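# Understanding the architecture of this molecule
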Amino acid sequence: MELRLAGLRHAYGEVEVLRGIDLDIPEGRIVCVIGPSGCGKSTLLRLIGGLERPDSGGVIQIGEPPPGSLNPLTYIFQDFALLPWRTVEGNVRLALEDHALGRGETERIVDDVLARTRLSEFRSAFPRQLSGGMKQRVAIARALSVSPAFLLMDEPLSALDAQTRELLMDDLIELWTREGFSAVYITHNLQEAVRLGHRVVVLSRRPGQVREIIEIDLPLDTRPAHAGELEEHRQRLWTLLRDEALAAELELVDG
């Protein structure tokens, strides 16, 4: 399944947040979206996921979700969104409870995603016992349990320290290399964008518009060996963002 964004526009009252977003999001790729603060990145993700309706334009699904998909568009949040009174297993199981699955099928799915995210031995732990990185792994496992066509990832690593962020990027790359999942990945971190993104979409300051799309034609699992090329991409992104990021920061402070 692919996604096509056609002429998306959205405003909150008199504040226009997004204007004329046209974008194709292919299957089996990670599309990172970056831009200045307040440019509408998270709003764009909510429109894609159907949590809000655009004022004009639309999100078009092309093709069918993968077989067995219970929820084609599934979120992974910055703050993990785990229930503290549920174990790791219980938090993963939560995503399956509104679906007509037998006990055996539910157990099979939970066992499978815990194994795929290397959480099997932690299934009985509670969130308070887990590090930030482990909590985000639980959130990823929960999202994978419904076999989504697209993961919608809203700054999923921004709440983590630098070392944990590096480890989680490695985990996501390993997972993508094995399974080739599709994702829209919102981030303000340029290093994350060039490390994880097959395509990086640069939004302008508010109202957010597609300013440029940069393709990074390097396999994810070999990118550490291409540090120089990745740095060139990062510098290009920063050149595109620097002046607008400063203007957006001053606008937020003064406003």
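The coordinates are above.
Below is a summary of the structure that appears in this document. (Residues numbered from 1 in each chain as written. Predicted model: local features only at pLDDT ≥ 70, side-chain atom pairs only at ≥ 80, totals over all residues. Heavy atoms only, no water.)

Turning our eyes to something else, we now look at the sheet that holds strand β5 (residues 73-76). Within the open sheet, the six strands sit side by side as β5-β6-β7-β3-β8-β9. Their pairing is mixed. Among the strands making up the open sheet, the edge pair consists of β5 and β9 (210-215). Between one strand axis and the next, the sheet turns by 20° as a mean value, whatever way the strands run. Pairing geometry for strand β3 (residues 30-34) and strand β7 (residues 183-186), over four bridges, is parallel. Opposite V31, over in β7, you have V184 as the bridge partner. Contacting β5 and β6 (150-154), helix α4 (residues 132-144) crosses the sheet at an angle of about 175° to β5. (Pairing = 2+ DSSP bridges. Helix = DSSP H or I, 4+ residues; strand = E, 2+ residues; numbered from the N terminus. Axes fitted to C-alpha atoms, helices over the stretch in contact; angles between N-to-C directions. Contact = heavy atoms within 4.5 Å.)

A separate point is the environment of G20. Here G20 shows up in strand β2 (residues 15-25). Taking the C-alpha atoms as reference points, G20 and E231, 211 residues apart in sequence, are found 30 Å from one another.

The next thing to look at is the sheet that holds β2. By way of backbone hydrogen bonds, the strands of a sheet pair with one another, either parallel or antiparallel. On the basis of which strands lie adjacent, the open sheet formed by three strands has the order β2-β1-β4 and antiparallel pairing. Only two strands of the sheet have a single partner each, and these edge strands are β2 and β4 (56-62). On average, adjacent strands in this sheet sit at an angle of 15° to one another, irrespective of strand direction. Here strand β1 (residues 2-12) runs beside β4; their pairing, made up of six bridges, is antiparallel. Bridging across to β4, L3 finds its partner in Q61.

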